[in-house]
Each structure stands twice: as C-alpha cells, then as structure tokens.
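Summary of the model geometry
In case you want the letters, here they are:
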Amino acid sequence: MIPDGSLTAINARLEKELAEKSLSLARMSRELEVEAAFDKVRDRAMAMRNSAELAETSSVLFQQLTYLGINSIRAGVGIFDEVNGAMEIWLTTRANNQEVVKTLDYVNLHVHPVFENIIPARQQGKPFALTILSGDALKHYYQTMPTYASVRQAASNDREYFYSFFFSQGTINLIAKQALTEEECSIMIRLAKVFGLIYTRFIDLQTAEKQAHEAAIDTALEKVRSRTMAMQVSGELLDVANTLFSELWKLAGRPIQIGVGLQNRENPKCLLYTGSNSPQAEILTRVGWVLPEAHPVLAGMYAHWLRREDFFPIVSGESLHAFYQLVMPGITRNTPDFDQEQYAFFLPFSKGSFFGWCSMPFTDSELSILKRFTALMDLVFCRHLELQQSEANAREVIRQASLNRIRAQIASMRTASDLQEITPLIWNELNILGIPFIRCGVFIMDEGQQLVRTFLSAANGQAIAALNFPYGTEGLPQRALDSWRAQSIHREHWTAQDFTDFWTTLVTTHPTMAEPVHQQQNPPEQLYLHLLPFLQGMLYVGNTEPLGDADMQLLQSVAETFSTAYARYEDFNRLEIAKDQIEHTLTDLRQAQAQLIQAEKMASLGELTAGIAHEIQNPLNFVINFAEITNELIDDIKLQQSRGNHTEVSTLCGDVQLNLQKIQLHGKRADAIVKGMLEHSRSGLGERRLTDLNALIEEYIRLCYHGTKAKDKLFDLAIHTDFDAGLGEVNIIPQDIGKVVFNVLTNAFYAVQERKKQQPEGYDPVVAISTRRQGDKVEIRISDNGTGIPAQLLDKIFQPFFTTKPTGQGTGLGLSLSYDIITRGNGGNLKVNSKEGEGTELVIELPLT
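Note that the structure is a prediction, hence the values are computed from the model and not measured.

This next bit is on the side chain of Arg383. With respect to the helices and strands, Arg383 occurs in helix H10 (residues 364-411). With near-sequence residues (within four places) excluded, Arg383 lies in contact with Thr228, Met229 and Met231.

This is how it looks when you write it as structure tokens:
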C-alpha cells in the first residue's frame, strides 16, 4: 500500500508531465500553424512574375497574419529604392472588419519618423524597427500619408504600433493597435527572412526574363539588319520594311498602326508609307506625298523632326478621322471609334520619322523598343537611298555606253550604203536602254537635194529600204519637216486604219518595198509616234502607249548623240570630195614643209597658252552661281510681294542688287583674262612698248598656276617672289616675254610635281622668281627645288623637239622657242643651272635698250 504522501507526489509529477506535454503539443501545433501560414505566403510569393503582384502577396500575408492571431490593422511589403532614399509600399488594410483594400504608395524615407526610424535600425543590424504613435503624432502621420486616411477608423487618442521587419531588399510592414508579443515578433522575423529568400528568387527571375526579352530584341534587330545589308536593288525596300515591322509585331504585343514619313530640310513635303495593325496583312504600302499643313499632326511631325525631337500627340474626333483619311486613304478595315482617343508616337531618324498610333498610351518599355527599331529604320532607308543612287549611276553608265556605241558605229560609216545599218543600230540600243517601243527610225533632212530621207524599221527590227520623199510631200514626211524646222518635238496618234493607210501610200509611191503586205496584215491597234529633232533631222520612236518625260529625255540624248556622230559621217563625205584637191596641192605642201614646221611650233605654243582658258572658269562659276541665287531671290520677292511684306521685298531687292554687282565684277574679271589670253596666244611679231615687267611676270605666274591647277586638283606649291621695286618700265615685246616666262614656269611646276610624287613625305615644293637691274640689262631668275636635269642632257635642252618629259607629255618646243625669242628676237640671253635631284635655275637676261 502506497503512502498517502507518496501518492500525492506521484500525482503532482504526472500532472506536471501532462502539463509539459500539453505545452509541447501546443507549441508543435502553433509551429505547424506558423509553417502552414509561411507556406501559403511562400507559395503566393513564388508565383510572382512581376513587381505588381506584390499587392496580391501583401493581401495573402495579411490574411495569414490574421489566421495566426497576430492582430494588425494593416500589413504589407516595402521594397527599398537605395538610389533615391525611398520605399515602394504595398499595404493591405481591413476596413469595417470586412473589406480588404489594397493600397500602393511610394514614400521618401525622410517624409515621417515612422519611415525615418527604419534607416538607423537597418544600419545597426536590428531585425526590425518599431515606432509608436498616438494622439497628435498619429494624426500628423495620417496627414502626411493621406492614402490611408479614408480607411482609418481609430479615435484621436488611439495608439498604433508601426513595425518594419527587415529582409535584404526591403521590409514586411505591420501596423497594430497593440504591441506584438515576443513570440509574434519572432514569427515576423522568421517570416521576413523567408520572404527575403523568395524575393531574391523573384528578382533573379525578373532579371532572366529581362535578359531573355533583350535577347529577343537583339535577335529581331539583327535579323532586320542582315536583311537590310542583303538588299540588292532599291525595289526590295518594302520587303525589308515588312521584315522590320513583322519583327516589331512579335515584341509589341498589341495592335499598333505603323508608318514611315521621309522628309528633308529643303522641302517640307513628306513621302508617306503606312501599314496595317495586323502582322498577317501586307504591312507597308506607299501612300504618296503630303504637306505638313494638311493636318496639325503632320505639321507637328515635321517641326519636331527638324529639331530631332520625339513627338507624342493625342488625337480624337474629327481630327482623328481627317488623320486616317490622309495616312490610310481607302482603308476601311479596323476603322477606330473616332470618339475614342488615339495615342501616337513620331520618332525621328536622319531621313524622316517612324510613327504609329493605337488606342492606349505607350509604356516606357514599348517606347524603348520602338526607338531601337527607329535607329534600325535609319539603316534601312540609308541603304535604300544608296542603292537608288547606285542604280541611277548604273543607268547612266548604260546610257553613256549606248550613246558611245551609236557614236562609234555611225562615225565608222563611210558610204551611203552604210546608212542602211542606222535603223537596226537604233533598234538595238533602244532595247538596251529599256525604252518601250515597237517601231523606230530616222528622218534625215537633205537641204541640198530638198529630200526627206527616211530610214524605218520593220516589225522585227530589220531596216526597210531607205525612202526619199521630196519636200512638200503630204502626210507624215511634211509634218516631220515642219517640226524639224521649228526644232520642236512632234507627236501623233495612229489607229490601225491610219497605219494601214500609211503603208498603202508607201506601196503606191515605192512599189519595190519588200514588206507592205506584212505591214497591212499586222497593223498595231494603237501607235503613238514621237519625233525628236536634232541638227540634221528627226529621231522617230513608235509605241503602243505615250512615252513619259524620262523616256523622252533619254531619247533626246540619243538624238543629240546621233547628230554628233552623223555630222562626222557628213564630214567624212566632204573629206572624200576634197581628197582630189588635197592630192593636187600635195606638191605645194611639201615645198612649204619648212615653213609649216615653224608654224607648227608656234601653233603648239599657242595651244599650250590657250589651255589657260581654264582660268576663266572661276569667274564664270561665280557669274552662274550668283545668277541662280538672283533668280531664286526674284521668286522670293514675288512671294513676299503677294503677301504684302514690303519690308522683306526691299531687303530682297537689296540682295539682288548686290548679286548683280558681283556678276558684273566677275564678268569684267573674265573679260580681262580672255584679253590677256588672246594677247598671249597671238602669233607673229609684236610691238615693243614700255611695260611693267614685274606686273607682267606676276600675271603669268598666276595664269600658269591656275592653268596647272585646272589639270591637277591636287597640285600645290609655294611661290616666292622677289621683285626689284626700282626696276621701272622696260621696253620689251610683252607677249613674247610672257610666253617665255610661261614656258619656264610650266617646266618648273612640272619638275616639283614629279619630285613630290617621288618624295611625298618631308618635301615642300617651292618655285622662286626674282627680277634685278644689272647695269644696262635686266635679269629674271626662275628657280625650283624639283627633280633637276641630268648633266649629260644640259647641252640638249634648247634643241627643237627635245624633251625630258615622258612621251605624250611634252612637245620639246617650249625651251627651244623660248631660247629663240630671248636670243634672236630680243637680243638677250637664256642660261640654265641645274643639279639632278636638287633643282634647276633659269636666268633670262634682257637688254634695257
């Protein structure tokens, strides 16, 4: 039997053990509740894909805290913005104990002590921050944070506890009316750590998604870039643009009407391309040219493009309807509700603007993608314009080659029978040039015989026998003659019957023709005749449709080329006629051979001197340019006068007067150059007269320099002059001395050019000219630091036709004639000092009497 005392002790121990086990079970149950709540928060947080879902996560967090018995009036998540010292907050609040209201705010951490206390607590490594507010301090908080004032039900003497439990990127915020117990704080600290790990994974996912999105953008841009560089012809523009827009559609994610406007600063007119808002439809189509004043949006687009600024108009109502009519004429699909606003973007690039619009504002992310595609648009259209220019150059090469073939073949003709090849030649070249036609030919007007000589093609391009119509023949020959005399283009439209009647007439007048029956059996239904005048006749081209301006301009070039070549054919015929006369005079020519050689020398010098005519190009360019500017100013005057702007008209008239003065100035300059040139080129004996020798030499230095510069744009050198100021006027033949100075300077310029080619680095070409009075004579020295003359050639340089220049670059007459002019014509002397590789000096000595 157990003693009563022992039984009591046993009962006490059992009760204690039971109490401990009950407490342990309660703790375990509580732990399971906590873990279950954590799992729900964790599951919702793990499902997040973007930061906006933090609001829903805050709601789940609030619900689980209520489930755990942690009483709060608000709970949520705050994410630190370290750069701006702020926090982005999602809070869930229970209003009237029923409704759950999600609120979002972005607060500066110094806006209120509740948030300001977070900073030191976090820096000190504390697990949470706590701020207790009541009374006026609490009222001040809600005044500072008006977002929550509408859901607050506390009285003015309420007390609220503001907890912020830290994790690495932010806090879990909890606001309660009572302080949390130690256990509750422990749970919140654990929850913050769990949430921190989850949020880190969320950031990683967000970064990965951003990288994947960026990779998709780069892939799309590279695809478009590759397609752009693969363009071979400008006609591929729409295909490349469609590729660009298709790739953009994959990234845009919502319907956007798109387009491109090509613009330039000189002309406000804009070339529009627009497309649909469906990636399955044909995207880009050419709308045409529009002016900015056609719509305020287009005016804004042009103004912003000039400043290279983005433009984001919002359009609705009648303005939107008018905008659609301009940029998408005739398109009825996907027509918007014009009462709803449409949001547009216009993003500039070098050649124009990339634009689009839809029913929702564009996000920053969308605009970032659009701007990157805009930069690629610049590459697309630059490549397109480059190809257009290349194609234009290629067409010009083809045109020139064709014209050269026409010129060469006609120039090779020697007899009248050769003219039968004219029509097949033109037929072939018109095909090469891509001009549409079914017939062609030439009408030659023979003024001597009073005949219209026609060379016409058959349907297969072969030539029909030449037909001669006397002047006055009714029908096409006479109409062609009349237009030729007026030097005007002649056009006619023939029906099949007109064509048959024409060939019937030819059969009557020329019964030997081989093709009339074939012509009548296959007359064209429509034939448009185009006859273009040239010096000797008319070029004829027939087609089933009227030819456009571009084709007519090309045909005019063919006609002019034909004229030049045919003139050479006529010249050859005249040369054949003169051949007998030349043979009769051959004996006389041989007797005059000696005199002709001397004349040839002088002619060569004259041709060389006449080359300085390049010098007149400079003033003529000024005259042409100022004339063009004046013409434009006159147009501006008319415009301002029509507007009644008399002040602007007066200003423009002043500009016109200044331009006319400059035209007169440069005209006189050109006149002076021509007179000097003629003086230089004049052959025969000149008159001695008192001449300012220094001024004469300076003039020929300038003429020689610019003449050389005209032949070689890269030519440049330093010219040093040292003229005797007391020399005064010298009694000389100016044109003779000018020729000598010109020849010597030409050789000096050539020598320094050659040395510059051999020694491009570290060499500065220099030519020096000086004059001195030496007793009863005057001395002119011209030296250069060019290639110099080999010693073994110094004795030969004054021999006729001897030259140190390569074949074809020198006649060998320059120094020979110069020596004759100085020694025989003027009683002076010409000496040369030279060292190979260092330079040459020529000394001209002239007697003063």
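So, next bit.
For the rest of this paragraph, the subject is the environment of Ile119. Structurally, Ile119 is set in helix H4 (residues 118-123). C-alpha separation for the pair Ile119 and Leu109, spaced 10 residues apart in sequence, amounts to 7.7 Å. Setting aside its immediate chain neighbours within four residues, Ile119 contacts Leu109 and His110.

As a further point, take helix H5 (residues 135-144). Three or more residues of H5 are buried, namely Leu138, Tyr141 and Tyr142. One side of H5 carries all its buried residues, which in axial view fall inside an arc of 90°. Exposed side chains of H5 directed beyond 90 degrees from the buried face belong to Asp136 and Gln143. As for H5, its buried residues are in contact with strand E1 (74-81), helix H3 (113-116), strand E4 (128-134) and strand E5 (159-167).

Pairing is antiparallel across the open sheet formed by six strands, whose spatial order is E9-E8-E7-E12-E11-E10. Edge positions in the sheet fall to strand E9 (285-290) and strand E10 (314-315), since each has one partner strand and no second. Here strand E7 (residues 257-262) pairs with strand E12 (residues 352-358) via six bridges, running antiparallel. Bridge pairing in E12 places Ile258 opposite Gly356.

Next up on the list: unusual backbone geometry. The backbone of Gln450 sits at a positive phi, close to 55°, despite the residue not being glycine. With respect to the element layout, Gln450 can be found in the loop between strand E13 (439-446) and strand E14 (451-456). Within the chain, Gln487 stands out as a residue other than glycine whose phi angle is a positive 50°. Position of Gln487 relative to the elements: it lies in the loop between helix H12 (476-486) and strand E16 (490-495). Accessibility expressed as a relative area gives 46% for Gln487, which makes it partly exposed.

Okay, the side chain of His295 next. The topology assignment puts His295 in the loop between E9 and helix H8 (296-306). Non-local contacts of His295, meaning those with residues more than four positions away in its chain, are made with Ser319, Ala322, Phe323 and Leu326.

Counted by the stated rule, this structure contains 23 aromatic pairs. Measuring from ring centre to ring centre gives 5.9 Å for Phe128 and Tyr163, while their planes differ by 50°; the resulting arrangement is tilted. Of this pair, Phe128 sits in strand E4 while Tyr163 sits in strand E5, and the two are 35 residues apart along the sequence. On the basis of relative accessible area, Tyr163 is assigned to the buried category, the value being 3%. Each ring, one from Trp427 and one from Phe437, has its centre 4.8 Å from the other, and the planes form 75°; the classification is edge-to-face. Residue Trp427 is located in helix H11 (residues 422-433), and its partner Phe437 is located in the loop between H11 and E13; the two are separated by 10 residues in the primary sequence. Taking relative accessible area as the criterion, Phe437 reaches 11% and is therefore assigned buried. An aromatic cluster is defined as three or more aromatic residues linked by ring pairs; in this entry it consists of Phe311, Phe323, Tyr324, Phe346, Phe355 and Trp357.

If you trace the backbone, Val741 turns up in helix H20 (residues 734-758). Measuring from C-alpha to C-alpha, the distance between Val741 and Ile780 comes to 9.1 Å, with 39 residues separating the pair along the chain. Sequence-distant contacts of Val741, defined by excluding residues within four places in its chain, comprise Ile697, Tyr700 and Ile782.

A few words now on the pattern of salt bridges. The final tally for this structure, using the stated rule, is 14 salt bridges. Of the charged contacts in the structure, one is a salt bridge between Lys371 and Asp310, with a shortest N-O distance of 2.9 Å. Here Lys371, found in helix H10, pairs with Asp310, found in the loop between H8 and E10; they are 61 residues apart in sequence, far enough to count as distant. When its relative accessible area of 29% is taken as the criterion, Asp310 is described as partly exposed. A salt bridge links Lys777 to Glu845, with the nearest nitrogen and oxygen atoms 3.4 Å apart. On the criterion of sequence distance, the pair formed by Lys777 in strand E23 (residues 777-784) and Glu845 in strand E25 (residues 839-847) is long-range, its members being 68 residues apart. Judged by relative accessible area, Glu845 falls into the buried class, the value being 11%. Put simply, Lys777, Lys831 and Glu845 are held in one network by salt bridges that share partners.

What follows concerns the nonpolar core. Grouped together as the largest cluster of nonpolar side chains are 38 residues, with contacts concentrated most on Leu693, Ile737, Leu745, Val767, Ile782 and Leu846. For this core, the secondary structure elements donating two or more residues are helix H19 (693-711), strand E21 (729-732), H20, strand E22 (766-774), E23, helix H21 (814-825), strand E24 (829-835) and E25. Top element by residues in this core is H20. It accounts for nine residues. Among residues more than four places away in sequence, those in contact with Leu745 are Tyr700, Ile701, Cys704, Val767, Ile769 and Ile782.

Here the focus is a negative patch on the surface. A cluster of acidic residues, Glu628, Glu632, Asp635, Asp636, Glu648 and Asp655, forms a negative patch at the surface. Of all the secondary structure elements, the ones that give two or more residues to the negative patch are helix H17 (617-642) and helix H18 (646-681). In terms of residue count, the dominant contributor to the negative patch is H17 (four residues). Its location among the elements puts Glu648 in helix H18. Residue class for Glu648 comes out partly exposed when judged on its relative accessible area of 32%.

With that settled, the discussion passes to the sheet that holds E23. A sheet is described by the order of its strands in space; here five strands give the open sequence E20-E22-E23-E25-E24, paired in mixed fashion. Either end of the sheet is taken by a strand with one partner, and the two such strands are strand E20 (718-722) and E24. With strand direction ignored, the average angle separating the axes of adjacent strands in the sheet is 15°. As judged from the five bridges shared by E20 and E22, these two strands associate in the parallel manner. Bridged to Thr721 within E22 is Ile769.

Rules of the game
- Residues numbered from 1 in each chain as written.
- Predicted model: local features only at pLDDT ≥ 70, side-chain atom pairs only at ≥ 80, totals over all residues.
- Heavy atoms only, no water.
- Helix = DSSP H or I, 4+ residues; strand = E, 2+ residues; numbered from the N terminus.
- Contact = heavy atoms within 4.5 Å.
- Buried < 20%, exposed > 50% of the residue type's maximum accessible area, 1.4 Å probe, protein only.
- Arc of directions from axis to C-beta.
- Pairing = 2+ DSSP bridges.
- Phe/Tyr/Trp six-rings, centres within 6.5 Å; stacked < 30°, edge-to-face > 60°.
- Salt bridge = Lys/Arg side-chain N within 4 Å of Asp/Glu carboxyl O.
- Core = buried A, V, L, I, M, F, W, Y, C linked by side-chain atoms within 4.5 Å.
- Patch = residues over 30% accessible without salt bridge, like charges linked within 9 Å, V, L, I, M, F, W, Y side chains within 5 Å.
- Areas by Shrake-Rupley, 256 points an atom, 1.4 Å probe, with all protein chains shown as cover.
- Lys, Arg positive; Asp, Glu negative; His and termini not counted.
- Charge placed at Lys NZ, Arg CZ, Asp CG, Glu CD.
- Axes fitted to C-alpha atoms, helices over the stretch in contact; angles between N-to-C directions.

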